[in-house]
Amino acid sequence: MTHHELLRTPLYDCHVEEHGRIVPFAGFEMPVQYVGVMEEHRAIRTAVGLFDVSHMGEIDVTGRRALEFIQHVTCNDASKLTPGRAQYSGLMTRRGTFVDDLLVHKIGDHHYFLVVNAANKDKDYAYLLAQTEQFDNVDVVDRSADYAQIAVQGPKAEAVLQRLTGTPLAEIKYYRFVEGKVDDEPAIIARTGYTGEDGFEVYLDPVAAPGLWRKLLEVGKPEGIMPCGLGCRDTLRFEACMPLYGNDIDDTTTPFEAGLGWIVKLDKGGFLGRDVLARQQAEGWKRKLMGFAMTGRGIARHGYPIWHGGKQVGLVTSGSHAPTLNRALGMGYVPVELAAVGTQIEIEIRGQMVAAEIVDTPFYRRAK
Amino acid sequence: MTQPADRMYSRTHEWALLAGDVVTVGITQFAQEQLGDVVFVELPAVGAAVAPGKAAGNIESVKAVSEVFSPVAGEVIEVNTALEGHPELINKEPFGEGWLMRVRVVAGAAAGLMDAAAYETFLAEEGH
């Protein structure tokens, strides 16, 4: 742990007002919950809730060779983007593993807007800067302090947010964004999220953020809007099997191993780690991120050993009680030959072996 | 926050309600608030020996696991089996239906525990 002073997002006072329980997270003082993880989780699945995700990092990549640069450092194919579209991707090491996972937004032909994990922002920024040395005419700028980010998530998110913007939200499809106004303030409105529900992520001037936050809580009252903390953000993304960097993916795991082969575009040309990923594509990979359900009594947690046939075969990367599904579930890496649905495994919970079974992922998928 | 005055309290936020040589054990309102939504409870077997400072079981909230301690030494004679299907009782009624276990103790087992007023002061001093 470092001993730097913790940062506060522009919404810190709002969290205190709403009696959020504040904990240190990725160098920030963030609300882990307000009324409770279960209730907030339910609000997002059934109605609407708000997250302060201003701690996330925003990085601008601009210049004539911006696309070429993005193509070099990420594994997905950014040439497929048109202005107003976003893409989930991986920032890659030369070993084909994750420096981070991120969203790449194409603002214009020579302007990309990257959104990265808070805990990785400084590392990502330094990594990107180092990579610019081979590229003239590319500028990488850390814009994190210039943006607050509010995630409005849940089936009623569109209805609630629409009350504060003239931008027709129904026209914004999944993974697209527009630059418009929300509550009379300039904002990027993206139909993205990390909950497995419909919703929007709104990027705006930090000074304007508390006003928007309070307005959203006001206009969303008929739908039962709730401020939501990082606790339910984790259980929501976990049910949807969206990986969490540092738990389910890191700089030792490749996208293929993580079940994210769909973001690897080997035919787009050269990029960092491509040779390793091409070899995995051709020869296969040894381990795989799978999902499991506890069949015995207990809850698997990050770091618990996974056993099969009397041998330890892997580690749990994420585990929790899943509030929507009301059962104990987990994810972890096991050898590919053991990753088939239906395979019986055991999770070592505080020295006891507890039965579990590999199940289909994602655990939760919203009805279309 | 008011603590029931009929019982004693530990520094690890358990309560002990004494009736003869049987002590009912649970966690306090403060403890359940800190834990958040309880989803799973692991209690000792009936007949097991428990003692202060020695983990007697575990309470899992959605996000994390916490050890449970017995504030008194003795033998477990009953555990709250209702918690198996309804772990949320700990959140709803920590001082009532959400009790954890009953322990048969020897005389003087409650020594070192705080009464309600002392526990209240302890919470305040801890900054709660």
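What about the overall build of chain A?
Alright, step 1. Across its full length, chain A carries eight helices and 19 strands.
Alright, step 2. Its C-alpha atoms give chain A a radius of gyration of 21 Å, near enough to 21 Å, the size a compact globule of 368 residues would have.
Alright, step 3. Taken along its principal axes, the extent of the C-alpha atoms in chain A is 60 × 50 × 45 Å.
Alright, step 4. In chain A, of all internal contacts separated by at least 6 residues, the share reaching a separation of at least 24 is 66%.

Things to note about the sheet that holds strand β18 (residues 344-349) of chain A
Residues and elements named next belong to chain A.
Alright, step 1. Spatial ordering of the closed barrel is given by β14-β17-β16-β15-β18-β19, a layout of six strands whose pairing is antiparallel. Adjacent strand axes in the sheet meet at a mean angle of 45 degrees, parallel and antiparallel pairs treated alike.
Alright, step 2. Across six bridges, β18 lies against strand β19 (residues 352-359) in antiparallel orientation. Each bridged residue has a counterpart across the sheet, and for Ile345 the counterpart in β19 is Ala356.

Regarding the domain arrangement of chain A
Residues and elements named next belong to chain A.
Alright, step 1. Per the domain assignment, the segments making up chain A are domain 1 (12-54 + 147-239) and domain 2 (57-143).
Alright, step 2. Computed over C-alpha atoms only, the centres of domain 1 and domain 2 are separated by 25 Å.
Alright, step 3. Domain 1 puts 10 residues into the contact, and the matching count from domain 2 is 10 residues.
Alright, step 4. Classifying every residue of the side of domain 1 that touches domain 2 gives eight nonpolar, one polar and one charged.

Examining the environment of Arg102 of chain B
Alright, step 1. Note that Arg102 of chain B resides in strand β9 (residues 101-104).
Alright, step 2. Given 20 C-beta atoms within 10 Å, Arg102 of chain B falls into the buried group.

A few points about the interface of chain B and chain A
Alright, step 1. Of the residues lining the interface, eight residues belong to chain B; the matching set on chain A comes to 11 residues.
Alright, step 2. Looking at the side of chain B that touches chain A, its residues break down into four nonpolar, one polar and three charged.

Cut-offs and rules
Residues numbered from 1 in each chain as written. Chains lettered and ligands numbered in written order. Predicted model: local features only at pLDDT ≥ 70, side-chain atom pairs only at ≥ 80, totals over all residues. Helix = DSSP H or I, 4+ residues; strand = E, 2+ residues; numbered from the N terminus. Rg over C-alpha atoms; globule rule 2.2 N^0.38 Å. Contact = placed C-beta atoms within 7 Å. Pairing = 2+ DSSP bridges. Axes fitted to C-alpha atoms, helices over the stretch in contact; angles between N-to-C directions. Domains from an automatic or database assignment. Nonpolar A, V, L, I, M, F, W, Y, C, P; charged D, E, K, R; others polar. Buried ≥ 20, exposed ≤ 12 C-beta atoms within 10 Å, placed from the backbone.

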